[in-house]
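# Examining the three-dimensional arrangement
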Amino acid sequence: MNIPHKSFPIDDAHREPLRHLLTALADDHLILGHRHSEWTGLGPILEEDIAFSSIAQDQMGHALGFYSLLHEHLDAPDPDIHAFTRQETDFSCCQLVEWPIGDYDFSLTRHLFFDLAAGLRMETLSLSNFKPLAQLATKIRGEVKYHMFHAKTMVSQLGKSSDETARARMQTAINRQFGLALGMFEPRVGEQLLDEANIAPIESKWRDRWLEALNAVLDGTGLHIPDPERIEPVYGGRRGYHTEYLQPLLNEMTEVFRLDPQAEW
Amino acid sequence: MYGGGYIPKEETRKTVVNDDPDMLAAFEARVARGEKVEPRDWMPTEYRRQLIRMIEQHAHSEIIGALPEGTWITRAPGFRRKLALMAKVQDEVGHAQLLYSAAETLGKPREAMINDLINGKSKYSNVFNYPAKTWADVAVIGFLIDAAAIVNQVANSKGSYGPYCRALERICYEESFHLKQGHSVFVYLATGTPLQRSMLQDALNRWWKPIMHFFGPSDEMSEHTLTLMRWKVKMATNDDMRQQFLSLYVPKIQELGLSLPDAELRKDADSGKWLFGDPDWAEFFAVIRGNGPCNAERLAVRKAAEVNGAWVRKALQQADARYVTPLA
């Protein structure tokens with residue numbers, strides 16, 4: 001993804017909060033992109049292999065876009081170095097994206113939860129006062145639209161299926177990862193400042209819109225969300241606290257790169 | 001990738017069906033004129049059977065071939081390589097989808113083909129029964145095995161069966177990008193640090209034998225082979241395709257200062273043909289019989305994917321359970 005290299009004026013007070021926002025977005029997409037790519041060759045039908053692989057590529061591209069913004073506007077290192085040489089505790093992805101792919105029901109539900117949130121985020125961010133982000137968000141939004149077509153189609157077909165096992169599996173997958181999904185909206189450092197400057201809203205605004213949109217998506221599928229008031233959100237990811245699943249994935253992601261970080265691969 | 005040039009001989013021949021001689025003569029005349037055969041056209045029983053086997057094995061090779069490379073997607077160094085490898089392996093799975101569809105036009109459903117694959121009845125290219133141990137293996141597979149597959153597929157795309165040819169044309173178009181991807185990784189390693197070069201040389205040493213096996217042993221010029229060539233099911237002999245591959249790619253490997261693990265490999269000035277040592281055909285046949293380093297693993301992974309995904313397929317099929325017979 002080519003982002004025109006222009007330094008855009010950023011208020012000093014906004015630099016740190018913006019760094020937090022962009023790193024969270026970049027890390028979420030990077031890690032989930034890797035997870036989705038693990039379906040390559042293993043999907044329940046060939047068409048699903050191809051779909052997950054395609055979404056994974058988009059997400060990797062989105063991650064690259066966010067890391068590039070960090071590099072160009074906020075003095076972060078080159079995207080490759082930034083993405084593939086940090087310690088686990090320096091990652092700020094939410095824990096939802098770290099979990100292994102599990103079975104198809106888990107991965108499909110996660111894909112729905114994540115892309116629904118990503119779509120809403122990009123919709124708002126495409127109007128951001130931080131113009132380079134607005135441009136990138138506009139581009140990503142167009143791609144996420146197709147991810148949502150896919151997620152909705154599959155979730156509704158399985159939810160409406162006359163097969164009881166499929167319906168039960170989907171409902172269980174929703175129930176089990178709902179706390180993780182709410183963790184996508186963990187409050188960010190300095191989010192209030194960005195909200196006031198119309199750069200990005202606070203996370204709870206996104207969460208409320210997400211809950212509303214999710215209810216609408218599931219309406220008529222026979223599936224439903226658990227009562228959000230009774231589910232504890234799984235926070236910590238944004239502050240560097242991760243599941244046991246992240247470190248092994250990071251080791252794998254950087255295995256070749258670490259053989260010789262100075263070499264060109 | 002990945003259509004292996006070699007379609008193993010069947011252990012037992014099926015009953016010979018005698019086709020209507022007039023229809024057969026008309027069919028052969030059409031093929032000789034260069035016309036394409038389409039799914040609803042009359043075709044000899046043996047033509048249909050051989051094509052199903054060939055296209056099915058090609059499709060299986062694509063999905064099994066996605067496994068050794070697929071494990072390197074998460075490990076690929078840096079965004080550029082990751083994105084390219086993801087796109088490449090996704091293409092391969094897409095090729096399987098195209099090819100299964102082409103084979104289905106001949107009357108065998110995809111489910112039946114996949115069942116035959118996981119039960120070991122139907123084969124796939126031997127080359128995927130070898131492990132991809134390092135990142136340099138991704139370079140060798142992407143560059144040389146894709147190149148070998150292109151030699152085979154370009155030949156087959158000029159065959160007589162319309163749906164297969166059209167699928168192959170599209171596949172070859174995508175393969176040419178895979179070759180670029182493989183070549184780029186290959187060149188970076190070949191011209192990189194001593195560690196990178198030694199990784200690549202090691203990968204090349206390990207893969208050379210399976211690459212020489214790729215097109216299969218010399219064809220027996222039997223009546224059967226001649227018939228398949230006349231029907232434009234088989235478009236070139238295994239030896240011809242291997243020679244074409246060696247002529248195109250050995251110089252490219254040598255230019256990069258890499259060696260090949262065959263002391264007898266050289267181009268004969270008089271005949272213009274490549275001479276090479278015995279590539280161990282005994283090993284080739286052992287791998288076909290299921291005794292290669294990764295046969296069991298590859299099939300186990302494929303089987304696990306089928307079993308784990310069975311509930312999804314079942315549920316999707318039942319989505320239309322409330323079928324209503326149309327009026328009239």
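As shown above, the structure is provided for reference.
The residue numbers shown here count from 1 along each chain, following its written sequence. To read the labels, note that chains go from A and ligands from 1, taken in the order they are written. The model is predicted, so local features are restricted to residues of pLDDT at least 70 and side-chain atom pairs to those at 80 or more, both for listing and for counting; the totals for chains, interfaces and linings are taken over all residues. The side-chain numbers reported here are obtained from all heavy atoms of the structure, hydrogens and water having been left aside.

### Re the packing of aromatic side chains
A ring pair, where both rings are aromatic, is described by two values, the distance of the centres and the angle of the planes. By convention, a stacked pair of Phe, Tyr or Trp rings (six-membered ring in the case of Trp) has centres within 6.5 Å and planes under 30 degrees apart, an edge-to-face pair has planes over 60 apart, and any other such pair is tilted. On inspection of all chains with the given rule, the structure shows 29 aromatic pairs over all chains. When the ring of Phe52 of chain A is compared with that of Tyr104 of chain A, the centres are 6.0 Å apart and the planes differ by 70°; the resulting orientation is edge-to-face. With a gap of 52 residues between them, Phe52 of chain A in helix H2 (residues 46–73) and Tyr104 of chain A in helix H4 (residues 104–125) connect regions that are remote in the sequence. By the ring-pair criterion, three or more aromatic residues cluster together here, those being Phe143, Phe186, Phe214, Phe215, Phe245 and Tyr249 of chain B. Taking the ring centre of Phe91 of chain A as reference, the NZ or CZ of Arg86 of chain A above it sits at 4.1 Å. Labels follow the DSSP assignment, with helices taken as runs of H or I lasting at least four residues and strands as runs of E lasting at least two, numbered in each case from the N terminus. By definition, being over a ring means that NZ of Lys or CZ of Arg is both within 6 Å of the ring centre and within 35 degrees of the ring normal.

### Here's the deal with the packing of helix H6 (residues 162–190) of chain B against helix H7 (residues 194–213) of chain B
All names here are of chain B. Close contact between H6 and H7 brings their axes to 7 Å; oriented N to C, the two are set at 125°. One element, H6, and the other, H7, form an angle in the oblique class. Here Phe186, Tyr188, Leu189 and Ala190 of H6 come into contact with H7, specifically with Gln196, Arg197, Leu200 and Leu204. In this description, a line fitted to the C-alpha atoms serves as the axis of each element, helices being fitted only across the stretch in contact, and the angle between N-to-C directions of two axes falls anywhere from 0 to 180 degrees. Reported orientations rely on four angle classes, namely roughly parallel under 35 degrees, roughly antiparallel over 145, roughly perpendicular from 65 to 115, and oblique for the rest. Whether two residues are in contact is decided by their heavy atoms, any of which lying within 4.5 Å being enough.

### As for the environment of Asp90 of chain A
Residues and elements named next belong to chain A. Inspection of the secondary structure assignment puts Asp90 in the loop between helix H3 (79–85) and H4. By relative accessible area, which is 44% here, Asp90 ends up partly exposed. When the C-alpha atoms of Asp90 and Arg239 are compared, they prove to be 8.2 Å apart, with 149 residues separating the residues in sequence. Remark: exposure states derive from per-residue accessible area (1.4 Å probe, protein chains only) relative to the maximum for the residue type, with buried under 20%, exposed over 50%, and partly exposed in between.

### With respect to helix H9 (residues 238–255) of chain B
Residue and element names in this part refer to chain B. Here a helix's expected span is defined as the number of its residues, less one, multiplied by 1.5 Å. With 18 residues, H9 extends 26 Å between its outermost C-alpha atoms, agreeing within 8% with the 26 Å of an ideal straight helix rising 1.5 Å per residue. Note on bend: the value at a residue is the angle between axes fitted to the seven residues ending there and to the seven starting there. The sharpest bend along H9 comes to roughly 30°, located at Tyr249, with the proline Pro251 sitting one to four residues further on. Those residues of H9 that sit buried are Asn238, Met241, Arg242, Gln243, Phe245, Leu246, Tyr249, Val250 and Ile253. Against helix H5 (135–156), H6, H7, strand S2 (274–275) and helix H10 (281–291) lie the buried residues of H9. Positive phi appears at Gly257, one or two residues downstream of H9, with a value of about 75°.

### Re the pattern of salt bridges
Residues and elements named next belong to chain B. Think of a salt bridge as a Lys or Arg side-chain nitrogen and an Asp or Glu carboxyl oxygen that are within 4 Å of each other. Applying the stated rule across the entire model yields 38 salt bridges over all chains. Its salt-bridge partner being Arg230, residue Glu28 comes within 3.3 Å of it at the nearest N-O pair. On the criterion of sequence distance, the pair formed by Glu28 in helix H1 (residues 21–32) and Arg230 in helix H8 (residues 223–230) is long-range, its members being 202 residues apart. Residue classification places Glu28 among the partly exposed residues on the basis of a relative accessible area of 22%. The closest approach of N and O atoms between Glu92 and Lys88, which form a salt bridge, is 3.3 Å. In this pair, Glu92 and Lys88 both sit in helix H3 (residues 78–104), 4 residues apart, roughly one turn of the helix. Of the two residues, Glu92 and Lys88, both sit in the buried class.

### Focus on the interface of chain A and chain B
With 51 residues of chain A in contact, the opposing surface of chain B contributes 45 residues. A simple way to read buried area is as the amount of 1.4 Å-probe accessible surface that goes missing from two parts once joined, with both sides added. Interface of chain A and chain B: buried area, both sides summed, is about 4,100 Å²; carbon and sulfur atoms make up 67% of it. Per-residue buried area on chain A facing chain B is highest for Leu46, Gln57 and Trp265 of chain A; these three make up 18% of the total on that side. Inspection of the region where chain A meets chain B yields 3 salt bridges. The residue Lys314 of chain B makes a salt bridge to Asp163 of chain A at a minimum N-O spacing of 2.8 Å.

### Here we look at the packing of helix H4 (residues 110–118) of chain B against helix H11 (residues 295–308) of chain B
All names here are of chain B. Where H4 contacts H11, the axes come no closer than 9 Å and their chain directions differ by 140°. As judged from the angle between their axes, H4 and H11 are oblique. Between H4 and H11 lies a crossing of left-handed hand. Listed contacts from H11 to Ile114, Leu117 and Ile118 of H4 are Leu299, Arg302, Lys303 and Glu306. Each residue gets one label: Ala, Val, Leu, Ile, Met, Phe, Trp, Tyr, Cys and Pro are nonpolar, Asp, Glu, Lys and Arg are charged, and the others, such as Gly, are polar. Of the residues assigned to the contact of H4 with H11, the class counts are 4 nonpolar, no polar and 3 charged. Crossings are sorted by hand: turned counterclockwise from the far helix by less than a right angle, the near helix makes the crossing left-handed, and turned clockwise it makes it right-handed.

### Things to note about the state of the cysteines
Residue and element names in this part refer to chain B. In what follows, a disulfide is any cysteine sulfur pair within 2.5 Å. Evaluation of the coordinates by the stated rule reveals 0 disulfides over all chains. We note that Cys165 lacks a disulfide partner, and the nearest cysteine sulfur, in Cys172, lies 10 Å from it. Since its relative accessible area comes to 1%, Cys165 is described here as buried.

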